[in-house]
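Topology and contacts: notes
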Amino acid sequence: MTNYLEFEKPLAEIEGKAEELRAMARANPEMDIEKEASALDRKAKDMLSSLYGDLSAWRKCQVARHPDRPHCIDYIDALFTQYTPLAGDRNFADDHSVMGGLARFRGKPVMVIGHEKGNDTKSRIERNFGMARPEGYRKAIRLMELADKFGLPVITLVDTPGAYPGKGAEERGQSEAIARSTEKCLKVKVPLVSVIIGEGGSGGAVAFATANRVAMLEHSIYSVISPEGCASILWKDAEKMREAAEALRLTAQDLKELGVCDVVVKEPLGGAHRDSKTAIKAVGDAIAAMLKEMDGQRGRDIRDDRRRKYLELGSKGLAA
Amino acid sequence: MNWITNYVRPTINSLFSRREVPENLWTKCEECGTMLFHRELAENLNVCGNCGHHMVITPRARFTALFDNGTFTEVKVPEPIADPLQFRDQKKYSERMKGAQKSTGEREAMLVAKGEIGQTPIVAAAQDFSFMAGSMGMYVGNAIIAAAEEAVKTKRPLVLFSAAGGARMQEGILSLMQMPRTTVAVEMLKDAGLPYIVVLTHPTTGGVTASYAMLGDVQIAEPNALICFAGPRVIEQTIREKLPEGFQRAEYLLDHGMLDRVTPRTQMRDELITIIRMLMNKEPLAVAVAAPAKPEGEAKAEAQQEAPKK
Ligand SMILES: [Zn+2]
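Residues numbered from 1 in each chain as written. Chains lettered and ligands numbered in written order. Predicted model: local features only at pLDDT ≥ 70, side-chain atom pairs only at ≥ 80, totals over all residues.

Observations regarding the overall build of chain A
Check the secondary structure of chain A and you find 14 helices and 8 strands. Against the compact-globule benchmark of 20 Å for 320 residues, chain A has a radius of gyration of 21 Å, which places it among compact chains. Counting the 320 residues in chain A, one finds 50% classified as buried. Taking contacts inside chain A between residues at least 6 apart in sequence as the whole, the part at least 24 apart equals 71%. (Helix = DSSP H or I, 4+ residues; strand = E, 2+ residues; numbered from the N terminus. Rg over C-alpha atoms; globule rule 2.2 N^0.38 Å. Buried ≥ 20, exposed ≤ 12 C-beta atoms within 10 Å, placed from the backbone. Contact = placed C-beta atoms within 7 Å.)

Side note on the overall build of chain B
The helix and strand tally for chain B stands at 10 helices and 10 strands. Taken over 310 residues, chain B has a buried fraction of 45%. A sequence separation of at least 24 residues applies to 67% of the contacts in chain B between residues at least 6 apart.

Thoughts on the packing of helix H8 (residues 174-187) of chain A against helix H7 (residues 178-191) of chain B
Contact geometry of H8(A) with H7(B) gives a least axis separation of 10 Å together with a crossing angle of 70°. Classified by the interaxial angle, the pair formed by H8(A) and H7(B) is roughly perpendicular. Like other packed secondary-structure pairs, H8(A) and H7(B) cross with a definite hand, here right-handed. Along its contact with H8(A), which presents Thr182(A), Glu183(A) and Leu186(A), the element H7(B) presents Met179(B), Pro180(B), Thr183(B), Val184(B) and Glu187(B). Residue composition of the contact of H8(A) with H7(B), by class: 4 nonpolar, 2 polar and 2 charged. (Axes fitted to C-alpha atoms, helices over the stretch in contact; angles between N-to-C directions. Parallel < 35°, antiparallel > 145°, perpendicular 65-115°, else oblique. Left-handed = near helix turned anticlockwise from the far one by under 90°. Nonpolar A, V, L, I, M, F, W, Y, C, P; charged D, E, K, R; others polar.)

Some thoughts on the domain arrangement of chain A
Domain annotation of chain A identifies domain 1 (6-54) and domain 2 (61-312). Relative placement of domain 1 of chain A and domain 2 of chain A: their C-alpha centres are 36 Å apart. (Domains from an automatic or database assignment.)

So, the interface of chain A and chain B
If you look at the interface, chain A gives 43 residues, while chain B gives 43 residues. When residues of the side of chain A that touches chain B are traced back to their parent elements, those giving at least two are helix H7 (167-171), H8, helix H9 (202-209), strand E7 (221-223), helix H10 (227-235), helix H11 (241-248), helix H12 (252-258) and helix H14 (299-312) of chain A. The element that contributes the greatest number of residues to the side of chain A that touches chain B is H8(A), accounting for 8 residues. A breakdown of the residues in the side of chain A that touches chain B according to their chemical character gives 24 nonpolar, 11 polar and 8 charged.

Regarding the nonpolar core
One broad trend across soluble globular proteins is that nonpolar side chains are buried collectively. In terms of nonpolar packing, the biggest core is built from 169 residues, with Met216(A), Ala125(B) and Leu158(B) touching the most fellow members. In terms of residues, this core owes the most to one element, helix H5 (residues 138-154) of chain B, which gives 9 residues. Each residue touching Leu158(B), except ones within four places of it in the same chain, is listed here: Val123(B), Ala125(B), Ala147(B), Ala148(B), Ala151(B), Leu189(B), Leu194(B) and Tyr196(B). (Core = buried A, V, L, I, M, F, W, Y, C linked by C-beta atoms within 7 Å.)

Let's talk about H10(A)
Residues and elements named next belong to chain A. Those residues of H10 lying buried are Pro227, Cys230, Ala231 and Leu234. Projected onto a plane normal to the axis of H10, the buried residues spread over an arc of 100° and lie on a single side. On its buried face, H10 sits against helix H3 (57-64) and H11. One or two residues past the end of H10 sits Lys236, with phi positive at roughly 55°. (Arc of directions from axis to C-beta.)

Remarks on unusual backbone geometry
Going from His202(B) to Pro203(B), the amide bond is cis rather than trans, its omega being -20°. Here Pro203(B) is to be found in strand E7 (residues 196-205). The phi torsion at Arg90(A) lies on the positive side, around 60°, for a residue other than glycine. With respect to the helices, strands and loops of the structure, Arg90(A) is situated in the loop between strand E1 (80-85) and strand E2 (98-105). Take Arg90(A): there are 10 C-beta atoms within 10 Å of it, and that puts it in the exposed class.

Examining the pairing of strand E3 (residues 108-115) of chain A
All names here are of chain A. Judged by how many residues are buried, E3 sits mostly within the fold: 6 of 8 residues are covered. Pairing between E2 and E3: 8 bridges, direction antiparallel. Among the inter-strand pairings, Ala103 is bridged to a residue of E3, identified as Val110. Hairpin remark: E2 followed by E3, antiparallel, with 2 residues in the connecting loop; positive phi at Arg106, about 50°. Looking at chain direction, E3 and strand E4 (residues 154-160) are connected through 4 bridges and run parallel. Paired with Gly114 across the two strands is Leu157, which belongs to E4. (Pairing = 2+ DSSP bridges.)

Regarding the environment of Gly284(A)
Residue and element names in this part refer to chain A. Mapped onto the secondary structure, Gly284 falls in helix H13 (residues 276-292). By C-beta crowding, Gly284 is classed as partly exposed, having 18 other C-beta atoms within 10 Å. Sequence spacing of Gly284 and Val195 is 89 residues, and the spatial spacing of their C-alpha atoms is 9.8 Å.

Let's talk about the confidence of the model for chain B
All names here are of chain B. Across chain B, the average pLDDT comes to 88, with 85% of residues at 70 or higher. Per-residue pLDDT stays below 50 along residues 1-19; that stretch engages in 3 contacts with residues further than four places along the chain or on separate chains. pLDDT under 50 marks residues 296-310. Its contacts with residues more than four places away, or in other chains, come to 17 contacts. With a pTM of 0.91, the predicted complex shows an ipTM of 0.95. (pLDDT = per-residue confidence, 0-100.)

Observations regarding helix H1 (residues 9-27) of chain A
Residues and elements named next belong to chain A. A rise of 1.5 Å per residue sets the reference length of H1, with its 19 residues, at 27 Å; its end C-alpha atoms lie 27 Å apart and thus fit the reference within 8%. Within H1, burial applies to Leu11, Glu15 and Ala18. Axial view of H1: buried residues confined to an arc of 55°, hence all on one face. Looking at H1, the residues exposed on the side facing more than 90 degrees away from the buried face are Lys9, Ala23, Met24 and Ala27. Structurally, H1 contributes buried residues whose contacts are with helix H2 (34-53). (Expected span 1.5 Å × (residues − 1).)

Structure below.
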């Protein structure tokens with residue numbers, strides 16, 4: 001079953017009709033519907049390319065949050081071998097919204113860390129919808145330290161609505177945990193590459209995505225605040241999220257122009273959720289290319305380059 | 001059309017401002033309701049003399065009270081590109097900026113200065129909550145980097161007074177990028193072995209708390225300051241959790257192990273001098289020589305007097 005987004009409704013109608021025709025034909029083998037059905041298929045495909053060829057910022061937010069979009073767990077399954085999860089922050093708990101551990105990427109040992117949102121009610125609750133608590137950042141810090149000690153590159157997969165606005169998370173110092181995680185990202189002397197695969201929500205994303213190279217999937221977003229949150233603060237009306245999404249410049253394309261994102265990874269037609277396999281493969285190739293750029297570089301230089309990149313960031317705005 | 005509000009009022013206002021009649025001679029303490037005379041309030045660093053409530057203080061007033069004889073030199077902050085996203089909500093960002101500059105008389109939401117406190121050279125940076133809620137954008141990032149670079153260059157500790165509602169949304173992702181940028185600045189200090197002391201003032205929230213404001217070697221807060229990542233209203237609205245008394249206030253954080261100290265503003269200067277001189281391995285001050293200047297240019301020749309008492 002396909003989960004259609006609101007703006008995909010006309011598409012749902014056409015695809016539904018084609019499906020309906022084929023179902024009728026299955027029941028009545030004498031019916032010849034193929035011509036009509038393929039015409040509908042073509043129409044659907046055209047509509048898909050026109051819809052996705054020019055997504056507004058708000059539509060991109062919806063695609064980035066699509067429930068069928070491949071999540072961290074899917075990327076780890078497909079792109080890594082011998083994934084060996086390492087749990088816990090050695091302090092309070094193991095945060096299930098953050099996955100991480102040793103693994104091999106194209107044969108070479110690495111540390112992989114990412115946010116996992118879950119894909120059904122049960123796993124979403126278990127994963128806290130991808131919103132890390134302090135323990136998640138502290139686990140990541142620990143894993144980055146381990147990678148640094150043994151010279152393993154760190155790969156982070158970012159997909160979070162943001163930090164968790166809860167009492168316990170605040171009491172256990174989530175600001176400090178995020179700050180320390182960002183600090184650790186800036187300290188390690190191994191290559192650190194990050195891919196925003198869905199939502200890059202605020203500080204929760206920065207804590208993992210402060211990297212030598214940052215790639216973003218074509219329809220992923222990365223923002224200081226959710227469009228809804230921004231709308232309710234600046235417009236005093238949460239329903240103004242479309243305007244807020246435009247104004248915030250949170251799309252991969254805008255962020256590339258601003259120098260925050262280094263690589264935009266093309267998604268299959270109709271978004272990553274329509275063809276996970278192709279999307280995941282493209283992300284794998286992007287990771288490999290980013291890591292290759294740092295091949296043979298000294299650890300100190302890799303770290304200094306990362307720091308310099310952030311110091312220099314923002315010296316240019318968007319072209320008018 | 002209301003002729004009176006649109007025409008008459010601006011004229012009256014401009015008359016008043018020309019004659020420099022102080023707008024309010026009295027301030028009502030929002031905690032205990034005591035009416036406080038503006039001179040006494042300023043002398044007490046905007047702390048209510050009755051209940052100890054800490055009110056907002058501008059970076060300039062703070063620095064005047066902090067540095068020996070009220071003397072400090074501003075550290076130049078590189079100007080970032082203005083309105084990088086050409087942001088507009090109900091109002092243009094550029095107009096909001098102009099409004100904030102006019103009402104505060106400041107360029108932006110952070111002031112950086114160098115000088116001496118108790119004969120101890122330091123660099124200090126203070127965030128201005130009255131300037132667009134002290135929000136962190138490119139300029140604030142540049143200010144912290146400039147402060148760290150100056151501290152490293154002159155081998156001084158950096159004392160940072162934070163106050164912010166969070167990131168400057170109108171600069172979008174570039175405001176978020178100030179989290180890693182300012183963290184690089186903190187790393188410069190740490191690599192140089194220089195103390196970095198954070199004084200968290202009311203309120204310090206959002207991305208500011210989750211970056212440079214939580215990375216100090218010593219973390220001090222002013223009493224009752226709200227310090228958090230997600231604010232109490234956000235938590236109550238999204239999670240519907242009941243929040244305990246004093247939640248996310250300085251004393252609560254101290255109890256939960258998130259701060260080193262909670263110190264009243266009036267004792268902050270002495271405490272900073274004591275801590276910094278120990279961290280810098282300097283002798284204690286035998287006699288506290290230079291007292292801070294009185295605000296509003298009332299500083300007299302007090303150079304040989306004892307440091308202010310509690
Ligand atoms: Zn009072």
